[in-house]
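This is what each chain is made of:
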Amino acid sequence: LKPVDSLVLLYQFIISVVVMTVDIPPEEKTDLLGLHGFFALGLLVVLWNFRNFSNPVIRFVREFYPLAAMLFFYREIGFLIHGYFDWTLDEWLLGVDGKIGRIGTRIWNFQQFYPPARLLNEFFSIGYSFYFFLMPLSALVLYFRAPLSRFRIFMFSLSFTYYLHYLIFIFLPAESPRFYMPGLRESLQGYWVSDWLQSIVEANAFPGGSFPSSHIAAAVICFMAYSYFGKMRFPVLFLTMAMFLGTIYGRYHYFIDVAAGLGV
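As a starting point, this report considers the structure included with it. Being a predicted model, the structure only gives us computed values, none of them experimental.

1. Side note on the overall build of the chain
So, step 1. Of regular secondary structure, the chain possesses 14 helices and 0 strands.
So, step 2. Helices (α) and strands (β) of the chain occur, in sequence order from the N terminus, as α-α-α-α-α-α-α-α-α-α-α-α-α-α.
So, step 3. Relative to its length of 264 residues, the chain is compact, with a C-alpha radius of gyration of 19 Å against a globular reference of 18 Å.
So, step 4. Each of the three principal axes of the chain carries a C-alpha extent, and together these read 60 × 50 × 30 Å.
So, step 5. Within the chain, the fraction of its 264 residues that count as buried is 47%.
So, step 6. For the chain, the proportion of contacts with a sequence separation of at least 24, taken over those separated by at least 6, is 86%.
So, step 7. Summed over all atoms, the accessible surface of the chain reaches about 13,300 Å², with 70% contributed by carbon and sulfur.
So, step 8. Averaging the positions of the 18 positive and the 17 negative side-chain charges in the chain gives two centres separated by 15 Å.

Take a look at the structure:
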């Protein structure tokens, strides 16, 4: 087993313990425990049987499956939030934001009273949407251009970051501005990318997974690939910075979520 394999299997154990102890309907517990048991057993069988294969396709799948696994288990957290606690951190997070300049609140109030141009909304939607491409793009660049050891460090770091956030979301639930503050749920009007982003967020986002910002933390991990992007590194850096700003501009995170994500 590589370190990332052990990490994925360890997460299956930890989250199974969480599932067994949270307050959710018994049938949901059974389904989730079955899912994790099946996944862990299947993963062990696959890793054992493919341990000595030199086929490049199998080797590629063997190295990249942790990226698919961490994203697959994201939706599950929405069922487990408030399984322990019925409160959220939002009021406290707003208070912290108020003490450090009310950056997010000022932006959202300005948007309410002076609706920004659709083109500006579209720009920040493009920036925020870049997050969906940044992780696989960074992984591919490192896999094909960097030493394999560096790619594996990247995959372990990214997996650890996401699994840590999943557990924090359960024990420190925060709804995010768009779910918590009246009037911010409706997305800002842009063009095609804004509409696409709205549909993706509505289909997959859940109240409770805001603090810290996993988007910011994962984006920082992706800087490991920066030196291998070649001529693409400046557009990637520009879009990543737009993503950082878009998390607040698009009402997805409080400013303190961003700072905490950087800390993670």
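What follows picks up the thread again.
2. Some details on the side chain of Asp-97
So, step 1. You can see Asp-97 is positioned in helix α5 (residues 90–99).
So, step 2. At 9.1 Å, Arg-102 is the nearest oppositely charged side chain to Asp-97, a buried residue that forms no salt bridge.

What counts and how
Residues numbered from 1 in each chain as written. Predicted model: local features only at pLDDT ≥ 70, side-chain atom pairs only at ≥ 80, totals over all residues. Heavy atoms only, no water. Helix = DSSP H or I, 4+ residues; strand = E, 2+ residues; numbered from the N terminus. Rg over C-alpha atoms; globule rule 2.2 N^0.38 Å. Buried < 20%, exposed > 50% of the residue type's maximum accessible area, 1.4 Å probe, protein only. Contact = heavy atoms within 4.5 Å. Areas by Shrake-Rupley, 256 points an atom, 1.4 Å probe, with all protein chains shown as cover. Lys, Arg positive; Asp, Glu negative; His and termini not counted. Charge placed at Lys NZ, Arg CZ, Asp CG, Glu CD. Salt bridge = Lys/Arg side-chain N within 4 Å of Asp/Glu carboxyl O.

Function cannot be read off these values alone, since they describe shape.
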